[in-house]
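Summary of structural features
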Amino acid sequence: MIRRSRVRGFEFPLIAPQVVTWSVYLIVVGATYSLLLTTDVLSTKRLDLIVSIYSGMVGILAILFVWIETADPANCSVSALMLPCPTAGSKFEIYCGFQLPLDESGLLQSLQERYPERCQFCSEHQGPRTKHCGHCNKCIHDFDHHCLYLNTCIGAANYHLFVGLVTVSVILLFGQSALLIYIAVKEETILSFRTLALTVVCIMSVVVGSVLLSLISAHAYLRFWLNQTTFEFLRARKARHQAARRDSSPMLPVPTVFPVEDPLPAELDRPGTPSGLGEASCRSQRMSQDVLLAGSPDEMFDVRASSFFGVSIPEEDYYN
């Protein structure tokens, strides 16, 4: 069964981080309105001006929020670029909904081998920064990341909306924090429910605003200084960590042959039994006993995994 692609963020099923994000915004903005409209330390004229400016900021934030949650982050339809149709006299097989030709030996070629410029999952044309998102099940051009708090992908089609949303949020949250601190100081009340409400809303605004400020600063550093997307940065960091683990992990060359006294159990001696990767193969009597390893001398295996049901795992796959 082919899994349906997720079109937009505001689409069921919703996820918990997305609902929490909406709730926090509604609580903070609603509480700020209540505290502003019930204060008596501001003149009517000044209060009207502050409420008007604040309402304008909230309106811009709401527009960006709805826009990014209802827009499709993909530039074009996932299925717009289809694979070639079969020609007369050619042999084809159905693979993941597409018709793929057989090679000369009659074996079905994978989508990635036959069409390296197309996505192997949805047949979308793959640009330099195009990535197939596993959450949305579609390709996103200039993919940056999948935002769990908006439950949508951030890419070329909506990256400017994402930056605008975070920037307006930072200005709004720090602005209302400063305003609430001013009201609390002018009211000169310490032990009251209103003072507690002012303090709680102010702390929530500062905390959320600080997180978003660090987020927008990180994006500015990645885009303008490193010229990388978030996905490219995380992938490069993972590759560095894996290389460091490989350099520091104790490794042994592949041994020639270890004797195995008893024959291989019947439940393991069957097609489909895991046999390692590449040219290497591994057989095992049982866990934590001698194993038979035969492979290229250039192949290095992690000895910690060599007795796990007869499966020997290359180190780079062991850490993935």
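Our subject in this report is the structure included herewith. A quick note: this is a predicted structure, and the numbers were derived from the prediction, not measured.

**Things to note about the packing of helix α1 (residues 16-37) against helix α2 (residues 44-70)**
In the contact formed by α1 and α2, the axes pass within 11 Å of each other and the chain directions differ by 170 degrees. In terms of their interaxial angle, α1 and α2 are classed as roughly antiparallel. For the pair formed by α1 and α2, the contact residues are Gln18, Thr21, Trp22, Tyr25, Val28, Val29, Thr32, Tyr33, Leu36 and Leu37 on the first element and Leu47, Ile50, Val51, Tyr54, Ser55, Val58, Leu61, Phe65 and Glu69 on the second. Its residues assigned to classes, the contact of α1 with α2 shows 14 nonpolar, four polar and one charged.

**Here's the deal with α1**
Under the 1.5 Å per step criterion, the end-to-end length of α1 is 32 Å for 22 residues, consistent within 8% with the ideal 32 Å. Every buried residue of α1 is accounted for by Gln18, Thr21, Trp22, Tyr25, Val28, Val29, Thr32, Leu35 and Leu36. Residues of α1 that are buried make contact with α2, α4 (159-187) and α5 (193-226).

**Concerning the pattern of salt bridges**
This model, assessed by the stated rule, comprises six salt bridges. As a salt-bridge pair, Arg223 and Asp144 come within 3.2 Å of each other at their nearest N and O atoms. Residue Arg223 is found in helix α5, and its partner Asp144 is found in the loop between β4 (138-140) and β5 (145-147); the two are separated by 79 residues along the sequence. Residue Asp144 is classed as buried on the basis of its relative accessible area, which comes to 1%. Residue Arg194 pairs with Glu187 through a salt bridge whose shortest N-O separation is 2.7 Å. Here Arg194 and Glu187 have matching classes, each one buried.

**Some remarks on α5**
Every α-helical turn comprises 3.6 residues, leaving residues that sit three or four positions apart pointing alike. In this model, α5 (34 residues) spans 48 Å end to end at C-alpha, consistent with the 50 Å of a helix rising 1.5 Å per residue. For α5, every residue scored as buried is listed here: Arg194, Thr195, Leu198, Val201, Cys202, Ser205, Gly209, Leu212, Ile216, His219, Leu222 and Arg223. For α5, the secondary structure elements touched by its buried residues are α1, β5, α4 and α6 (230-248). Asn227 occupies a position one or two residues after α5 and carries a positive phi of about 55 degrees.

**Remarks on the nonpolar core**
If you look at the biggest cluster of nonpolar residues, it comprises 24 residues, and the most contacted ones within it are Ile68, Leu150 and Leu165. A total of nine residues in this core trace back to one element, the largest contributor, which is α4. Dropping the residues within four chain positions of it, Ile68 is found in contact with Leu150, Thr152, Ile154, Asn158, Leu161, Phe162 and Leu165. Core analysis: the second largest hydrophobic core is formed by seven residues, Leu35, Leu179, Leu198 and Val201 among them.

**Focus on the environment of His135**
Counting through the fold element by element, His135 comes out in the loop between β3 (131-133) and β4. The exposed category is assigned to His135, whose relative accessible area is 52%. Residues His135 and Asn151, 16 residues apart in the sequence, show an inter-C-alpha distance of 8.7 Å.

**Observations regarding the side chain of Thr21**
Along the polypeptide, Thr21 turns up in helix α1. You can call Thr21 buried: its relative accessible area is 14%. Ignoring sequence-local partners within four residues, the contact set of Thr21 consists of Phe65 and Tyr149.

**Details of the packing of aromatic side chains**
Taken as a whole and assessed by the stated rule, the structure comprises five aromatic pairs. When the centroid spacing of 5.7 Å and the interplanar angle of 80 degrees are considered together, the rings of Phe143 and Phe231 count as edge-to-face. Of the two residues, Phe143 is situated in the loop between β4 and β5 and Phe231 in helix α6; the sequence distance between them amounts to 88 residues. Both rings, one in Tyr159 and one in Phe162, keep their centres 6.5 Å apart while their planes meet at 40 degrees; by these two values the pair is tilted. Linking Tyr159 with Phe162, this pair stays in helix α4, spanning three residues, or about one helical turn. Stacked on the ring of Phe143, the Lys or Arg Lys131 has its end atom at 5.0 Å from the ring centre. Across from the ring centre of Tyr159, 4.1 Å away, lies the NZ or CZ of Arg223, which sits over that ring.

The rules behind these values
- Residues numbered from 1 in each chain as written.
- Predicted model: local features only at pLDDT ≥ 70, side-chain atom pairs only at ≥ 80, totals over all residues.
- Heavy atoms only, no water.
- Axes fitted to C-alpha atoms, helices over the stretch in contact; angles between N-to-C directions.
- Helix = DSSP H or I, 4+ residues; strand = E, 2+ residues; numbered from the N terminus.
- Parallel < 35°, antiparallel > 145°, perpendicular 65-115°, else oblique.
- Contact = heavy atoms within 4.5 Å.
- Nonpolar A, V, L, I, M, F, W, Y, C, P; charged D, E, K, R; others polar.
- Expected span 1.5 Å × (residues − 1).
- Buried < 20%, exposed > 50% of the residue type's maximum accessible area, 1.4 Å probe, protein only.
- Salt bridge = Lys/Arg side-chain N within 4 Å of Asp/Glu carboxyl O.
- Core = buried A, V, L, I, M, F, W, Y, C linked by side-chain atoms within 4.5 Å.
- Phe/Tyr/Trp six-rings, centres within 6.5 Å; stacked < 30°, edge-to-face > 60°.
- Lys NZ or Arg CZ within 6 Å of the ring centre and 35° of its normal.

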